[in-house]
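# Structural characterization, general
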Amino acid sequence: MIIELFGPPGAGKTTFARALTDRLRESGHLAELRLSYRPTERLPVLNRCGAAAGRYQNVDIHRLSRPLLEMLTIARHPIANSGDVRTAVHLVRLLPPSNIFASIKNSQYISRLSHSWYEKSRAAHVVLFDQAFVQVVYSLALRADLANDAAIASALDYAPISDLLIRLEAPWELLRSRLYNRRRLQSTIEQLFEPDMKTSLASISMIDRLHNMLLQRGRPVLSVSSLDQRSLGESVNMIEKEIIRKLQNRAQRSPVVTTAGAVASPRGGDRHG
């Protein structure tokens, strides 16, 4: 099962993804978290008691090395991974960025995301992406020279579909405060990888636009928030219940192999492989 999060910068996607992953593991579920590793994301350094020590550890080396290793993996098997490249090229062509550098950067990122997505889609356990294809369409549409509804809709229709889609919401004032604090902690080089405050805050309307298009396409979206510990806990509880429901439904639909070698339907009907 693939779970995909989307939302504006500063809404708390990564925080929620980590909290949900921890909850699922505590409940006995096998859950894997795939982080996008934004160039600006910093992880808190914990003291001996496990509490945040007030400092932040920059994990840029891991973020720079992981994309390189993933691209090398794709390059070693060009035929097998050609679909990942086609996905990237098609999405970038639908919503082309304003410059060639952005096109190359987005194409590489989407190729790596596609490779990871299809690899994890075969897994039996729960896999969470803090940012995936809906967020990709959002980013491309935000920076494209011409992002009309038809082009955005085509990109959404072309992108792979997750089993569960979650939108992270937050009021404008809180987003502004979080983005300000995030930017304050960034180095000059890190700031080059992220849009400025004005662009980030103006992007909320694009998230609303995508949300409406998803609903029009019959893709249900669960909206949650991580404004504080209380809302985060309530949101995690709600999503955990939905995941359990989906896992139970999937188990009921899964065929059962009989001792004779036939594949039996959970409802009692038989079919043969």
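In short, a report on the structure.

Calculation criteria
Think of each chain on its own: its residues are numbered from 1, step by step along the sequence as written. Per-residue local features of the predicted model are confined to residues with pLDDT of at least 70, and side-chain atom pairs are confined, for both listing and counting, to 80 or more; whole-chain, interface and lining totals are unaffected and use all residues. Side-chain metrics rest on all non-hydrogen atoms present in the structure, leaving aside hydrogens and water. Secondary structure elements follow DSSP: runs of H or I of four or more residues count as helices, runs of E of two or more count as strands, with numbering from the N terminus. When a residue's accessible area, from a 1.4 Å probe over protein chains only, is under 20% of the maximum for its type it is buried; when over 50% it is exposed; and in between it is partly exposed. Contact between two residues is taken to exist if any of their heavy atoms lie within 4.5 Å; hydrogens are not considered. Note on areas: Shrake-Rupley, 1.4 Å probe, and residue coverage restricted to the protein chains presented here. For salt bridges, the criterion is a side-chain nitrogen of Lys or Arg within 4 Å of an Asp or Glu carboxyl oxygen. Axis geometry follows a simple rule: fit a line to the C-alpha atoms, using only the stretch in contact for helices, then measure angles between N-to-C directions, giving values from 0 to 180 degrees. Here is the rule for angles: anything less than 35 degrees is roughly parallel, anything more than 145 is roughly antiparallel, 65 through 115 is roughly perpendicular, and the remaining ranges are oblique. Helix crossings are classified by the rotation of the near helix relative to the far one: an anticlockwise turn of less than a right angle makes the crossing left-handed, while a clockwise turn makes it right-handed. Amino acids are sorted into nonpolar (Ala, Val, Leu, Ile, Met, Phe, Trp, Tyr, Cys and Pro), charged (Asp, Glu, Lys and Arg) and polar (every other residue, Gly among them). Expected span, for any helix, means 1.5 Å times one less than how many residues it has. Note that the arc is computed from the directions linking the helix axis to the C-beta atoms. Note on pairing: two strands pair once DSSP finds at least 2 bridges between them.

## Side note on the overall build of the chain
In terms of helices and strands, the chain carries 11 helices and 10 strands. Split into buried and exposed, the 273 residues of the chain put 43% on the buried side. Expressed as a percentage of contacts within the chain between residues at least 6 apart in sequence, the contacts between residues at least 24 apart total 72%. For the chain, the accessible surface area stands at approximately 15200 Å², while carbon and sulfur atoms represent 55% of it.

## Regarding the pattern of salt bridges
Any two side chains of opposite charge can pair, so long as their charged atoms come close to each other. Under the counting rule described, the total for this entry stands at 9 salt bridges. The salt bridge partner of Glu-32 is Lys-120, with a shortest N-O separation of 2.8 Å. Taken together, the residues span a long stretch of sequence, with Glu-32 in strand 2 (residues 31–34) and Lys-120 in helix 4 (residues 100–120) at a distance of 88 residues. Taken as a pair, Glu-32 and Lys-120 share a single burial class, namely buried. A salt bridge links Arg-209 to Asp-149, with the nearest nitrogen and oxygen atoms 2.9 Å apart. With Arg-209 in helix 10 (residues 204–216) and Asp-149 in helix 6 (residues 149–158), this residue pair connects regions lying 60 residues apart in the sequence. Here Arg-209 falls in the partly exposed class, since its relative accessible area comes to 29%. Overall, the relative accessible area of 45% leaves Asp-149 in the partly exposed class.

## Let's talk about the packing of helix 3 (residues 82–94) against helix 4
At their nearest, the axes of helix 3 and helix 4 sit 8 Å apart, and the two run at 135 degrees to each other. One element, helix 3, and the other, helix 4, form an angle in the oblique class. As helix 3 runs across helix 4, the sense of the crossing is right-handed. For the pair helix 3 and helix 4, contact is made by Asp-84, Val-85, Thr-87, Ala-88, Leu-91 and Val-92 and by Ser-103, Asn-106, Ser-107, Ile-110, Ser-111, Ser-114, His-115 and Tyr-118, respectively. In terms of residue class, the contact of helix 3 with helix 4 is made up of 6 nonpolar, 7 polar and 1 charged.

## Remarks on helix 7 (residues 172–184)
Between its first and last C-alpha, helix 7 extends 18 Å over 13 residues, near the 18 Å set by a 1.5 Å rise per residue. The set of residues buried in helix 7 consists of Leu-175, Leu-179 and Arg-182. All buried residues of helix 7 fall inside an arc of 60 degrees around its axis, so they share one side. More than 90 degrees from the buried face of helix 7, the exposed residues found are Glu-173, Tyr-180 and Arg-184.

## What about the side chain of Ser-103?
Tracing the sequence through the fold places Ser-103 in helix 4. Residue Ser-103 is classed as buried on the basis of its relative accessible area, which comes to 15%. Once residues lying within four places of it in the same chain are set aside, the contact partners of Ser-103 are Val-92 and Pro-97.

## Structural notes on the pairing of strand 1 (residues 2–6)
Across the 5 residues that make up strand 1, a large majority, 5, are buried. Every second residue of strand 1 is oriented toward a common face, with Ile-2, Glu-4 and Phe-6 on one face and Ile-3 and Leu-5 on the other, all of them buried. As paired strands, strand 1 and strand 6 (residues 164–169) are joined by 4 bridges and run parallel to one another. Following the sheet pairing, Phe-6 is matched in strand 6 by Arg-167.

## Some thoughts on the sheet that holds strand 6
With parallel pairing, the 5 strands of this open sheet are ordered in space as 2-5-1-6-7. Each end of this open sheet is capped by a strand with a single partner; those strands are strand 2 and strand 7 (222–225). Across the sheet, the mean angle separating the axes of adjacent strands is 25 degrees when strand polarity is ignored. Contacting strand 1, strand 2, strand 5 (126–129), strand 6 and strand 7, helix 1 (residues 13–26) runs over the sheet at an angle of about 165 degrees to strand 2. Helix-sheet contacts for helix 5 (residues 133–143) involve strand 1 and strand 6, and the interaxial angle to strand 1 is about 30 degrees.

## Observations concerning the environment of Ser-139
With respect to the helices and strands, the residue Ser-139 is situated in helix 5. Under the relative-accessibility criterion, Ser-139 is labelled partly exposed at 23%. A sequence separation of 42 residues divides Ser-139 from Pro-97, and the C-alpha atoms of the two residues are 9.6 Å apart.

## As for the side chain of Gln-135
Along the polypeptide, Gln-135 turns up in helix 5. Of the residues examined, Gln-135 reaches a relative accessible area of 4% and is grouped as buried. Excluding its chain neighbours within four sequence positions, the residues that come into contact with Gln-135 are Glu-4, Leu-5, Phe-6, Gly-7 and Lys-13.

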